[in-house]
Amino acid sequence: MNATPSSVLEDGHREIVDAFESFIRRELVPLAAELPETADQPPADLRAYVRKRSAALGFYAGDYPEELGGAGIPFTAVVLLHHAAGRSGCALAPYALAGSDGPSPLLRKGTPEQIERHLVPLVRGEQTRCLALTEPHAGSDAFRLTTTAVRTGDSWELNGRKTFVSNADRAGLALVVAATDLGDGRPAGATAFVLPMDQPGLRIGQRYEGMSGEPLFELLLDRVTVGPDAVIGGEEGIGAATALAIDSLSRGRLVVAATCNGIAEYALRIGVEYARERQAFGRPIGDYQHVQEHLVTTRAEVEASKLLTLACARLVDAGTEAPENAALAKLTASEAAVRAVDRSLQVHGATGWVRGHPLEFLYRHVRMMTIIEGTSEVQKVIVARAMGLN
Ligand SMILES: Cc1cc2nc3c(=O)[nH]c(=O)nc-3n(C[C@H](O)[C@H](O)[C@H](O)COP(=O)(O)OP(=O)(O)OC[C@H]3O[C@@H](n4cnc5c(N)ncnc54)[C@H](O)[C@@H]3O)c2cc1C
């Protein structure tokens, strides 16, 4: 293949990306081929197998240091792996890399005991977690919380209702963010707690069926009583959840951007292949300029978005984690991926619309990308602020 502009930024990590792609081809593609064509999500035991196997090979949570069970690879390499997973089109590849159910940057700010007990099993893929931040009246405005954590002596009592929590049914741990009351009635910001899912008083409520088969859950906290060891970061973590969350957002958003770029590239590739083969009016449809328009516009958007994402990832490795950079990349990549999948489906006509076709699933799956990790509008608010407009 000819060198693309983004290959300039990929070259330094070619070896690990090649190794990951080989793992997908040799181990994951054959496993994925056994899944029923219309199954949106792989079964939990298969996901767990893929996660652990990938961790053993140094891919899953690869940027975590070796002493925590990771492989210590640069963040840019991790971003490239997420891109490769999306680009592969393999239904199991995304589960080979740590996502929103994997090791949380919040726990990196945990006490040494929390890191050993909770973070290390997550990095090794032995455990998954969920994050309970969103509430029925606190979505984009995430810290307008009504879930409370009240301190009495050494212990805390948590009460409230969280919503749209991913992975709550499979997680071993919940990271719960609550408005803090130090017992004197004065608010003390938001605090993040780590709770085992079998903690008395913590239970799953309603289940919401997502449009791509991934369920979300309500999480109910009814007089959940925990000790000081449940506060992430210990005494220093009290009231610090907002700052901790903001610190961790950039990386999460760049990972989503990379996944989106990969999905868009996959949609483009199968769109081009189809346009070369499919005949209409006696010629391949790729001969028609209206069809070329769909594919060339996607190519331009994907390449630009990939460059932006990789440049931001490099800045992170160089020590600059500007939230507005990650917001720009996530906004650009997620919006571009939604358009890329839509256009490729259009190029496929009815073939792409039929249940069981990869584009039919991707059309439903990619739609969440402009909502999760902050909506597109919220990314624009962040960029506008950085431009001095608010
Ligand atoms: C697939 C999926 C997985 C999720 N997983 C989790 C999870 O694991 N844990 C968790 O806690 N939450 C999770 N969420 C919830 C997610 O974080 C929220 O949906 C998201 O933050 C948006 O909140 P909302 O849905 O309440 O929308 P709202 O905040 O009500 O927003 C509605 C609309 O108003 C716009 N809007 C809001 N404020 C502004 C503003 N200031 N300027 C301009 N426009 C604005 C939004 O962009 C959006 O278009 C998940 C959601 C999805 C779809």
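Residues numbered from 1 in each chain as written. Predicted model: local features only at pLDDT ≥ 70, side-chain atom pairs only at ≥ 80, totals over all residues. Heavy atoms only, no water.

J.: Lay out the domain arrangement of the chain with the relevant residues and their values.
T.: Here the domain parsing of the chain yields domain 1 (7-99), domain 2 (129-239) and domain 3 (243-386). With centres defined by C-alpha atoms, the gap from domain 1 to domain 3 works out at 19 Å. In this complex, domain 1 contributes 19 residues to the contact, which on the side of domain 3 involves 24 residues. Buried surface at the junction of domain 1 and domain 3, both sides included, amounts to about 1,900 Å², of which 62% is carbon and sulfur. When residues of domain 1 are sorted by the area they lose upon contact with domain 3, Leu9, Phe75 and His83 head the list and together hold 35% of the total. (Domains from an automatic or database assignment. Contact = heavy atoms within 4.5 Å. Buried area = accessible area lost by both parts, 1.4 Å probe.)

J.: Could you give an account of the UniProt feature "domain: Acyl-CoA dehydrogenase/oxidase N-terminal" (unreviewed entry) in the chain, naming the residues involved and the relevant values?
T.: Mapped onto the present numbering, the UniProt feature "domain: Acyl-CoA dehydrogenase/oxidase N-terminal" (unreviewed entry) falls on residues 11-126. Note that residues 11-126 is 54% helix and 0% strand, and that its end C-alpha atoms are spaced 32 Å apart. (UniProt positions renumbered as here; feature names shortened; annotations may be inferred. Helix = DSSP H or I, 4+ residues; strand = E, 2+ residues; numbered from the N terminus.)

J.: Could you give me a rundown of the nonpolar core, with the residues and numbers involved?
T.: Counting 54 residues, the largest nonpolar core has Phe20, Leu28, Phe75, Leu81 and Leu92 as its most contacted members. For this core, the secondary structure elements donating two or more residues are helix H2 (14-33), helix H3 (44-56), helix H4 (75-88), helix H7 (241-277), helix H8 (289-317), helix H9 (323-348) and helix H11 (358-365). Ranked by residue count, the leading element in this core is H7, at eleven residues. When residues of this core are sorted by domain, at least three fall in each of domain 1 (7-99) and domain 3 (243-386). (Core = buried A, V, L, I, M, F, W, Y, C linked by side-chain atoms within 4.5 Å. Buried < 20%, exposed > 50% of the residue type's maximum accessible area, 1.4 Å probe, protein only.)

J.: Any details on the site of the ligand? Residues and values, ideally.
T.: Lining the immediate surroundings of the ligand are 15 residues, of which Leu131, Thr134, Ser140, Thr375 and Glu377 lie closest. Take Leu131: an N or O atom from its main chain is 2.7 Å from a nitrogen atom of the ligand. Ser140 has a polar side-chain atom sitting 2.7 Å from an oxygen atom of the ligand. Within the complex, 60% of the 970 Å² of free accessible area of the ligand lies under protein. When contributions to the shell around the ligand are tallied by element, the ones reaching two or more residues are strand E3 (155-166) and helix H12 (376-386). It is E3 that provides the largest number of residues to the shell around the ligand, a total of three residues. Here the residues of the shell around the ligand are counted per class, giving nine nonpolar, five polar and one charged. (Near = heavy atom within 4 Å. Polar contact = N/O pair within 3.5 Å; in protein donor to acceptor, adjacent residues only side chain to side chain. Areas by Shrake-Rupley, 256 points an atom, 1.4 Å probe, with all protein chains shown as cover. Nonpolar A, V, L, I, M, F, W, Y, C, P; charged D, E, K, R; others polar.)

J.: If you had to explain the packing of aromatic side chains to someone new, which residues and values would you point to?
T.: All told, the structure shown has five aromatic pairs when counted by the stated rule. Ring centres of Phe23 and Phe59 lie 5.7 Å apart, and the angle between their planes is 25 degrees; this geometry places the pair in the stacked category. Here the residue Phe23 occupies a position in helix H2, and Phe59 occupies one in the loop between H3 and H4, the gap between them amounting to 36 residues. The class for Phe23 is buried, based on a relative accessible area of 4%. Following the ring pairs from residue to residue traces out a cluster consisting of Phe20, Phe23 and Phe59. Residue placement shows Arg108 over the ring face of Tyr64; its charged tip is 4.7 Å from the ring centre. Arg251 extends its terminal NZ or CZ atom over the ring of Phe75, reaching a point 5.1 Å from the ring centre. (Phe/Tyr/Trp six-rings, centres within 6.5 Å; stacked < 30°, edge-to-face > 60°. Lys NZ or Arg CZ within 6 Å of the ring centre and 35° of its normal.)

J.: An account of the pattern of salt bridges is needed here, citing residue identities and associated values.
T.: By the definition in use, this model includes 24 salt bridges. In this structure, Glu218 engages Arg161 in a salt bridge whose closest nitrogen and oxygen atoms are separated by 2.6 Å. A residue pair is termed long-range when its members are at least 10 positions apart, and Glu218 in strand E7 (residues 216-226) and Arg161 in strand E3 qualify at 57 residues. Between Arg223 and Asp222 there is a salt bridge whose closest N-O contact spans 3.7 Å. Overall, Arg223 belongs to the exposed group, its relative accessible area being 56%. Judged by relative accessible area, Asp222 falls into the partly exposed class, the value being 47%. Here the salt bridges share partners, and the residues they tie into one network are Glu10, Glu21, Arg87, Glu265 and Lys306. (Salt bridge = Lys/Arg side-chain N within 4 Å of Asp/Glu carboxyl O.)

J.: Tell me what's going on with the UniProt feature "domain: Acyl-CoA dehydrogenase/oxidase C-terminal" (unreviewed entry) in the chain, and back it up with residues and numbers.
T.: Feature annotation in UniProt assigns "domain: Acyl-CoA dehydrogenase/oxidase C-terminal" (unreviewed entry) to the following positions: residues 244-387. Here residues 244-387 runs as 78% helix and 3% strand, with 23 Å between its end C-alpha atoms.

J.: How would you summarise the environment of Ala61 if you had to cite specific residues and measurements?
T.: Looking at the element boundaries, Ala61 is found in the loop between H3 and H4. For the pair Ala61 and Arg51, spaced ten residues apart in the sequence, the C-alpha separation amounts to 9.6 Å. Other than its neighbours up to four places away in sequence, Ala61 contacts Gly70, Ala71, Ala98, Pro103 and Val123.

J.: An account of the state of the cysteines is needed here, citing residue identities and associated values.
T.: Here the structure, examined in full by the defined rule, presents zero disulfides. Left without a disulfide partner, Cys312 is nearest to the cysteine sulfur of Cys260, which lies 14 Å away. (Disulfide = S-S within 2.5 Å.)

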